[in-house]
Amino acid sequence: MYCQLIINKNSRNIDRKFTYKIPSNMEDYLMPGMRVMVDFNNQELEGTIVSKVEKTDISDSKMKYINDLIDDMPVMTNEILILIDWMREEYVCRYIDAAKLFYPPRNSRDISYYVEVKNKKYTGDSEIYTILKSKGEPVSFKYLFREFKSLDFLKDIYILQEEEIVNINIIDKSYKKTKLVRIKDIKDNIDKYKIRSNAHKQRAIIEYLTNKKVVERHKLIKDTSSSLSSLKSLEDKKIVEIIEKKNIEILKTRDKIRESSINLNIEQKKALETIKQETNQYNLIHGVTGSGKTEIYMKIIKELIKVNKKTIMLFPEISLTNHMISRFVNRFGNRIAVIHSRMNSKKKYEEWDKINKGYKDIIIGARSALFTPVRDLGAIIIDEEHDDSYNSSVTPKYKTIDVAEKLSEITGCKLILGSATPSISTYYKAKKGKYNLIEIKNRINDVKLPETIVVDMKQELDEGNKNIFSRKLYRQIKETLDKKEQVILFLNKRGYSSFVSCRNCGYVVKCDRCDVSMTYHSSINKLICHYCGATKIVSNKCPKCNSKYFKTFGVGTQRIEKVTKKIFPDKIIDRMDFDTVSKKGAQEKIYKNLSNGKTNILIGTQMLAKGIHFPNVTLVGIISADITINLPFYTASEKSFQLITQVSGRAGRGSKLGKVILQTYEPDHYSINYAIENNYYEFFKQEIMLRKEFKYPPYIKILYINTKSKDEISLKKFNNIKYKKLLENLKKLIENGYIKVYEPVPKGIYKINNEYQIDTLIKARSDTINKIKNVLRKLYFNKSYKNISISIEIDPNTIS
Ligand code: ADP
Ligand code: ZN
Ligand code: ZN
């Protein structure tokens, strides 16, 4: 028997599957998805088995044996192995780039599960029970896996456990055994032990133990500021004894699902029926915040658990609040595993391990939860599917939605996407019939959407107001605070790539060919189009109205905070953005202060999560819609529509009706108008028409080749050489007009951490994409380039 494996090492040159011989004693239980140690180029390296084969063309004498097994059982499912192959092709990356997403969390530990008979009177015909009985001692999962040669036994095991026929114990061998200290005879007084009166430390230990009786050794030493030697003398005198704590934990049985008192309404029921029908497994639920989508998700999960199927439930990282998690935990208890980036790696590993052992029914998390080894997958649910955090910005630059769709195709499980503002590409697929389109029109209990007022900032300037706040917004803030209600002020932070605009007439410099805003590059004092590379000189007057208020646009949350503090000096003002929530627990604290009324004004980016109700927030101010509208990217309008809709949803969630004030230099922009009318459908119609006209996704594919280096000159040279090669290799497709290759262009933020970045863009007809990928692999990835890192991004939603 042979196996194919990929080597778990970051190197361009070994991006292949290698064949090794399986030692005969491992033949039975070595399976795809397990990691092994092998000799490779005179090193011992780790590899992941991707397949087992009976025959191979490679001559037997050349081939080496596998040295050793790392895992007791597979750590990747067969479906994941197929997915890794797909990701390598789709994202033009290496096996290792895709595979590393699926590896166990770094803090791998030696945790084993053992099963033992609890109810000896059991008379059922369980095969596992028979094995356990005949062994007469606890049996490991590893043993059972080798016995059954599959992991199917896991399902039965937890049922036996629930019926109290077996016990499952977890033994953590990787822990150093914890030492406990116990006092032997606490009734006698200290004098009896003949402790010198000046042995203060020893006395302190005894005193401490008299109250506590048993305590962990390191805690005792710390709390009494004593030392191991003082403890040792007490041990010698037989006053205390030191024992080892057993690292055995009994695995709890899985909680019963709690019934909820909520009955689905007609729209929700209809949605559920559509999802359950068999003809199409892909679904999009389009429904405003508060229309009861999460309730639908929970119903689906519940029904799947009944047929022993599992669910991956994804939220944007920032929506994964304690509030959201406890809503699920209240219903599903310990059947839930939570995976997110804020947890420590020890905890993450424990969760991951329980998922791999089939114990968890629901995996809730940010996008990385998609990469856990879930068997018997029944559904992947992705809430707020339009959210940018679902796109990876590091290699492989995957899109969670696409990977989920593929995994759903491979496993046959349901895919359910939900959003109040679906991404254009997803909605397009739904319109084309690929997804079931489920529209939920009404909010639960008919909660009203807030009233939105648009303020024209050109007019403000005309009338002499040069402040960040329009007069209307200022008045409303004041009134709201006077009524003892609260205010949220929003600013899209992604405005770092600055555009140039006229404060007088609203004119923004756009590329004539590409219809996107051009980006100002201070290093060359020019505007550059990030699609075609066109440049323009920046004039100091508006080309349209001659006004001198013609400059780069930029306000940040910190500046807003400063201004707001100055205007409302006696109010409590809080700020929530990437900087202020990076500390653990910081986000929860900001929410807490807002909900208990401590904060008067909260200034924030889109971070404010959905699903949290602040009934006393009755005013939301959008400081500038322009930052999003003028992102140098084809999704600018889409992002604006989403932003305004999402932000508006934060006002007036309680009994008081909320107000939204939106400041802009472009009050007539269609994304603003349709957003305040809450008319997604008209917005989609307009946007999809423009995408077609200017040739953007979903009508064509966009490919980005991103290169980075600290060496500016060689980076430029590299890109120019490769650009010429691209033109040669793709000559035919270019001549036929199927694709267009643009000149390499510096990125919006050209230099970060002393690293320069240059992008090359290709626009292509969808059916040419595989040909292009092959060329890219040949030109950019056939070998490693010193000091230059390269990555590919396909149909990115954002760039900078
Ligand atoms: P969404 O996920 O679309 O934002 P949720 O599922 O969170 O909506 O629902 C909003 C609120 O309405 C929640 O508090 C939820 O418990 C409640 N809710 C949802 N469905 C119903 C229903 N059928 N009857 C009563 N309350 C409901
Ligand atoms: Zn102007
Ligand atoms: Zn252009």
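Quick summary incoming for the structure in this document. The model shown is predicted, which means the values in this text are computed figures rather than measured ones.

Protein-derived coordination of the zinc ion (ligand 2) comes from Cys502 (SG), Cys505 (SG), Cys542 (SG) and Cys545 (SG), at a distance range of 2.3 to 2.4 Å. Classification of the site at the zinc ion (ligand 2) rests on its four donor atoms, whose angles at the metal span 105 to 113 degrees, yielding the label tetrahedral. According to the relative accessible area criterion, cysteine 542 is buried, its value standing at 2%.

Structurally, lysine 722 is set in helix α23 (residues 712-729). Sequence spacing of lysine 722 and proline 615 is 107 residues, and the spatial spacing of their C-alpha atoms is 57 Å. Setting aside chain neighbours within four positions, we find lysine 722 in contact with Leu779, Tyr780 and Tyr785.

It is worth spelling out the packing of helix α3 (residues 127-135) against helix α4 (residues 141-148) at this point. Interhelical geometry of α3 versus α4 gives an angle of 120 degrees and a closest axis separation of 12 Å. By the angle between their directions, the pair α3 and α4 is classed as oblique. Both α3 and α4 take part in a crossing whose hand is right-handed. Here α3 contributes Glu127, Ile128, Ile131 and Lys135 to the contact with α4, which in turn contributes Tyr143, Leu144, Glu147 and Phe148. Grouping the constituent residues of the contact of α3 with α4 by class yields five nonpolar, no polar and three charged.

Attention now goes to the packing of helix α21 (residues 670-677) against helix α22 (residues 680-693). Interaxial distance between α21 and α22 falls to 9 Å at its minimum, and their mutual angle equals 160 degrees. As far as their axial angle goes, α22 and α21 are roughly antiparallel. The crossing of α21 and α22 is left-handed. Taking contact as the criterion, the partners of Tyr670, Ser671 and Tyr674 in α21 are, on α22, Glu682, Phe683, Gln686, Glu687 and Leu690.

So, about the nonpolar core. Ranked by internal contacts, the top residues of the largest apolar core, which has 120 residues, are Phe141 and Ile380. No other element matches the six residues that helix α1 (residues 78-90) contributes to this core. In contact with phenylalanine 141, not counting residues within four places along its chain, are Met73, Tyr113, Val115, Phe153, Leu154, Ile157, Tyr158, Ile168 and Lys357.

A few words on the layout of surface pockets. Size it by volume and the second largest pocket reaches roughly 790 Å³. Lining the second largest pocket are 36 residues, with Asp402, Ser425, Lys429, Lys701 and Asp795 positioned closest to its centre. The set of elements that each furnish at least two residues to the lining of the second largest pocket consists of α1, α13 (400-411), α14 (424-431) and α25 (769-780). Within the lining of the second largest pocket, the residues separate by chemical class into 13 nonpolar, eight polar and 15 charged.

Moving on: the packing of aromatic side chains. By the definition in use, this model includes 26 aromatic pairs. Seen in terms of ring centroids, tyrosine 427 and phenylalanine 684 are 4.8 Å apart; in terms of plane orientation they differ by 65 degrees. Their pairing is edge-to-face. Of this pair, tyrosine 427 sits in helix α14 while phenylalanine 684 sits in helix α22; the two residues are 257 residues apart in sequence, bridging distant segments of the chain. With a relative accessible area of 5%, phenylalanine 684 lands in the buried category. Ring geometry for tyrosine 634 versus tyrosine 696: centroids 5.1 Å apart, planes at 10 degrees, classification stacked. Placement of the pair is tyrosine 634 in the loop between α19 (626-629) and α20 (636-648) and tyrosine 696 in the loop between α22 and β31 (701-709), with a sequence separation of 62 residues. Tyrosine 696 carries the same exposure label as tyrosine 634, and that label is buried.

What counts, and where the lines are drawn
Each chain has its residues counted from 1, running along the sequence as written. For this description, chains carry letters from A and ligands carry numbers from 1, given in the order in which they are written. In keeping with the predicted nature of the model, local features appear solely for residues at pLDDT of at least 70, side-chain atom pairs appear and are counted solely at 80 or more, and the whole-chain, interface and lining totals rest on all residues. Just so you know, side-chain values use all the structure's heavy atoms and leave hydrogens and water out. Each metal site lists N, O and S donors within 2.8 Å (3.2 Å for Na, K and Ca). With water left out of the atoms, a site can look as if it is missing ligands. The rule is simple: four donors are tetrahedral if all their angles sit between 85 and 135 degrees, four are square planar and six octahedral if opposite donors span more than 155 degrees and the others lie between 65 and 115, and anything that fits none of that is irregular. Per-residue accessibility, obtained with a 1.4 Å probe over protein chains only, is compared with the maximum for each type, and a residue is labelled buried under 20%, exposed over 50%, and partly exposed between these values. Numbering of helices and strands starts at the N terminus; helices are DSSP runs of H or I of at least 4 residues and strands are runs of E of at least 2. Contacts between residues were defined by any pair of non-hydrogen atoms, one from each residue, lying within 4.5 Å. A fitted line through C-alpha atoms serves as each axis, taken over the contacting stretch for helices, and the angle formed by two N-to-C directions is quoted from 0 to 180°. Just so you know how the angles are binned, under 35 degrees is roughly parallel, over 145 roughly antiparallel, 65 to 115 roughly perpendicular, and the rest oblique. Definitions for this section: a left-handed crossing has its near helix turned counterclockwise from the far helix by less than a right angle. A right-handed crossing has that turn clockwise. Note that Gly is not counted as nonpolar here; it falls among the polar residues with everything else outside the nonpolar set of Ala, Val, Leu, Ile, Met, Phe, Trp, Tyr, Cys and Pro and the charged set of Asp, Glu, Lys and Arg. Put simply, a nonpolar core is a bunch of buried Ala, Val, Leu, Ile, Met, Phe, Trp, Tyr and Cys residues held in one set by side-chain atoms that sit within 4.5 Å of each other. With a 1 Å grid spanning the protein atoms alone, the term cavity applies to any set of points in which a 1.4 Å probe fits but cannot get out, the term pocket to an open set with protein on both sides within 12 Å along at least five of seven lines, and the term lining residue to any residue with an atom within 4 Å of a point. Grid points are joined across faces, edges and corners, and a volume is the space filled by probe spheres set on the points. Each Phe, Tyr or Trp ring (for Trp, its six-membered ring) is paired with any other whose centre lies within 6.5 Å, and the angle between the two planes then decides the class: stacked below 30 degrees, edge-to-face above 60, tilted in between.

Just distances and angles here, no functional claims.
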